[in-house]
Amino acid sequence: MTRQLIELDRVEKNYGEVRALTGVSAEIREGEFFSLLGPSGCGKTTLLRTIAGFEDLSGGQLRIDGQDMRGVPANKRPTNMVFQSYAIFPHLSVGENVGFGLRRKGLGREAMAREVGQALDMVGLGGYETRASHALSGGQRQRVALARALVLKPRVLLLDEPLSALDKKLREQMQVELRKLQRQVGITFILVTHDQEEALIMSDRIAVMFDGGIAQLDSPQVLYRRPVSRRVAEFIGVMNFLDASVGGNGADGLEVDVAGLGRVALDPAQCPEGRSGTSTVVGLRPETMTILFDTSEKAARVAEGSVSEVVYFGDMTYYDVTLDGVAAPVTISMRNLPGRPVLDRGARARVGWDAGAMVLFR
Amino acid sequence: MKGRGLATYAVAYLLFLYAPVILLPLFAFNDGTIIAFPLQGFTTGWFVQLTRIEALHDSVFNSLWIALTTAVLSTCFGLFAARASARYRFPAKGGIMGLIMLPLVLPEIIVAVALLVVLLQLGIDLGAWTVILGHVLICTPFSIAILNSAFLSLDESLEEASYDLGETKWSTFRLITLPLVMPGIISSMLIAFTISLDEFIIAFFLTGNEPTLPVYLWSQLRFPTKIPIVMALGTIMLVASLLLLTAAEYFRRRGVARTGAKDSGGFL
Ligand SMILES: Nc1ncnc2c1ncn2[C@@H]1O[C@H](COP(=O)(O)OP(=O)(O)OP(=O)(O)O)[C@@H](O)[C@H]1O
Ligand SMILES: [Mg+2]
């Protein structure tokens, strides 16, 4: 069991009337890549700045390494931050930027130059020491900001949307690099992002935030497969929602009548805790449903419908299929394997699905 | 033709602007006491005479150190006020900043008379320091305006980054903030220095028996024979201010190049 490095205990932050954080509790483990994911204004940056020490708590407690951080200013915390704007000091060279935080460590000139060199090597900018920092590209600035923070070997590296200023190609490349770098240095990373794909790709665990609170904290797989609420499910990827009514507990689990699909028995793992009432909603991801192109293809369960929209993506085709007896269409994604046809709008389709992929919502 | 009309206008405008200035060196080297054409002949005599007038030297010295002190003080005050206005929120901020900036549009004669009345009531002797007081009052708004824009264009996360990397608030100010707003500080000093150097009304009211250069020059204009000397002095000041402006622009451009900011155009 890995150690808890950061403990957030009902952390609150108010800006006057605005309640930016409404009681956030979470534990962040030593050495993990942790992401804060949520829509704009949900309090991600506020939480990150609270951990960094730029904002005081309005309530609750924050411990780093078991130590209460109340009254500990940002410059005394074992955290370092990579800012969204990178905050590279424009009047200093690349080497001076990276060595900035080392000056207080009382290293000799040579030891310092060595550390700076190693940090720059680590981010792939070896030999850039004397470059003027304003002559760098976006990706290079990002790397300098990383090197500048990592050279201090903090316990926690905080990153506020570090990739949002980069273009798509570079962003995807940096996502992979950042993840590699984190494994290599073994430092705890806390990343703020509003890009769900980015969070899924990079993180060990993700906290999904809405309205100043954490809605769900789980690994990417659990988050994707078993979102606890419709809101989380909608925020991460695409999910189809179908009305359902809950019956009693049967031999194979909870019996649920799903509109357009019929009766299923759901495992307790597929149901939220503390659920009550009979009328509810179930969710199914697009890739857990298939279109059965010829009659010999088998599936756990089969439903009938007609294709109402086709979107061709090259490697994938997305179908909107209106199931018989249901008004709203469901989205189904199919890989375009060799020999597999693409259906036209209006065609009839047999839809294969599996109750095991279903999630029941409150 | 529209183009020619505009060109004529532009030429006439520039002539009106600079012809009097060009007359200055012309008559400074003219061998005659009357300021009129035709020119009499070449002489450097007026410049030689300049070096012999004790009272003039005193007034130049007075003006210089008054201007320098004013530049330093108003830039310091400007730094504090601009910093506060750019970074902090406090009650009645708008009103307070408005009152600080008011001297910018207040007629100088009002400032001068009001100060004079108050100083006399308080029984304070007039002299260089009272002039400095008045000049700081009118220069500080300019300093604030210049420094405010310098602080506003400074990314706040740069200071946070330095603090985050272990520096204190003060060392952050010294290592990050100060170097980055330095072009603003230099501009502010130059503007305040220039305003103070040629300010007349306040200096005239508050100067006591230590006249500044403008006040001294004004007193000399009553003697027509002294006018060529004044012209010679004017020529020296013209050259000096050109050099100063060139230096200022050089430093500004160097600052822009160093921080890699986009050159949004300076004074020159
Ligand atoms: N300094 C501040 N003063 C007042 N309100 C603030 C301040 N900083 C943030 N807020 C408010 O707190 C809430 C959370 O802001 P925060 O910056 O943490 O959001 P975020 O999740 O980072 O959003 P984004 O993705 O847009 O960056 C918002 O409603 C915001 O308006
Ligand atoms: Mg943010």
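Quick caveat: nothing in here was measured; it's all calculated off a predicted structure.

S.K.: Can you explain the overall build of chain A? Please cite residues and give values.
M.R.: A count of helices and strands for chain A gives eight helices and 20 strands. Across its three principal directions, the C-alpha atoms of chain A cover 75 × 50 × 40 Å. Looking at chain A as a whole, 49% of its 362 residues are labelled buried. Taking all contacts inside chain A whose residues are at least 6 apart in sequence as the whole, residues at least 24 apart take part in 67%. If you sum the accessible surface of chain A, you get close to 16700 Å²; carbon and sulfur atoms cover 47% of it.

S.K.: Kindly report on the packing of helix 3 (residues 54-87) of chain B against helix 10 (residues 213-220) of chain B, identifying the contributing residues and their values.
M.R.: Residue and element names in this part refer to chain B. The geometry of helix 3 relative to helix 10 is characterised by a closest axis approach of 8 Å and an angle of 150° between their N-to-C directions. If you check the angle between helix 3 and helix 10, you find them roughly antiparallel. Of the residues in helix 10, those in contact with Ala 55, Leu 56, Ser 59, Val 60 and Ser 63 of helix 3 are Leu 213, Pro 214 and Tyr 216. In terms of residue class, the contact of helix 3 with helix 10 is built from six nonpolar, two polar and no charged.

S.K.: Tell me about the pairing of strand 11 (residues 240-250) of chain A, and name the residues and values.
M.R.: Residue and element names in this part refer to chain A. The pairing of strand 11 with strand 14 (residues 279-284) spans six bridges and is classified as antiparallel. Residue pairing in the sheet places Leu 242 in a bridge with Val 282 of strand 14. Bridging between strand 11 and strand 12 (residues 253-258) involves five bridges; their strand directions are antiparallel. Looking across to strand 12, one finds that Val 246 is bridged to Val 256. Hairpin connection between strand 11 and strand 12: a loop of two residues separates the two successive antiparallel strands.

S.K.: Hey, could you go over the site of ligand 1 for me, with residue numbers and the actual values?
M.R.: Neighbouring ligand 1 are 13 residues; Ser 40, Gly 41, Lys 44, Thr 45 and Thr 46 of chain A lie closest to it. More than one chain approaches ligand 1, the contributing ones being chains A and B. In this structure, Gly 41 of chain A approaches ligand 1 through a main-chain N or O atom, which is 2.7 Å from an oxygen atom. One of the side-chain N or O atoms of Thr 46 of chain A is found 2.5 Å from an oxygen atom in ligand 1. Here ligand 1 loses 62% of its free accessible area of 640 Å² to cover by the protein chains. Per-element accounting of the shell around ligand 1 gives the leading share, three residues, to helix 1 (residues 44-52) of chain A. In terms of residue class, the shell around ligand 1 is made up of five nonpolar, five polar and three charged.

S.K.: Can you explain empty space enclosed by the protein? Please cite residues and give values.
M.R.: Here the idea is plain: a probe the size of a water molecule rolls over the atoms and shows the empty space left. Residue and element names in this part refer to chain B. Under the counting rule described, the total for this entry stands at one cavity of 30 Å³ or more. Approximately 60 Å³ is the volume found for the largest cavity. Broken down by secondary-structure element, the contributors of at least two residues to the lining of the largest cavity are helix 10 and helix 11 (227-259). Residue classes in the lining of the largest cavity are distributed as eight nonpolar, one polar and one charged.

S.K.: Describe the domain arrangement of chain A, naming the residues involved and giving the relevant values.
M.R.: A common way to state how big an interface is: give the accessible area lost once the parts meet. All names here are of chain A. For chain A, the assigned domains are domain 1 (4-231) and domain 2 (238-361). On a C-alpha basis, the centres of domain 1 and domain 2 stand 39 Å from each other. It is Tyr 224, Arg 226 and Arg 230 in domain 1 that bury the most area against domain 2; as a group they hold 73% of the surface buried on that side. Across the contact surface, domain 1 and domain 2 share zero salt bridges. It is helix 7 (residues 220-225) that contributes the most residues to the side of domain 1 that touches domain 2, three residues altogether. Of the residues assigned to the side of domain 1 that touches domain 2, the class counts are four nonpolar, one polar and three charged.

Calculation rules
- Residues numbered from 1 in each chain as written.
- Chains lettered and ligands numbered in written order.
- Predicted model: local features only at pLDDT ≥ 70, side-chain atom pairs only at ≥ 80, totals over all residues.
- Heavy atoms only, no water.
- Helix = DSSP H or I, 4+ residues; strand = E, 2+ residues; numbered from the N terminus.
- Buried < 20%, exposed > 50% of the residue type's maximum accessible area, 1.4 Å probe, protein only.
- Contact = heavy atoms within 4.5 Å.
- Areas by Shrake-Rupley, 256 points an atom, 1.4 Å probe, with all protein chains shown as cover.
- Axes fitted to C-alpha atoms, helices over the stretch in contact; angles between N-to-C directions.
- Parallel < 35°, antiparallel > 145°, perpendicular 65-115°, else oblique.
- Nonpolar A, V, L, I, M, F, W, Y, C, P; charged D, E, K, R; others polar.
- Pairing = 2+ DSSP bridges.
- Near = heavy atom within 4 Å.
- Polar contact = N/O pair within 3.5 Å; in protein donor to acceptor, adjacent residues only side chain to side chain.
- 1 Å grid on protein atoms, 1.4 Å probe; cavity = no way out; pocket = protein on both sides within 12 Å on 5 of 7 lines; lining within 4 Å.
- Points joined across faces, edges and corners; volume = space filled by probe spheres on them.
- Domains from an automatic or database assignment.
- Buried area = accessible area lost by both parts, 1.4 Å probe.
- Salt bridge = Lys/Arg side-chain N within 4 Å of Asp/Glu carboxyl O.

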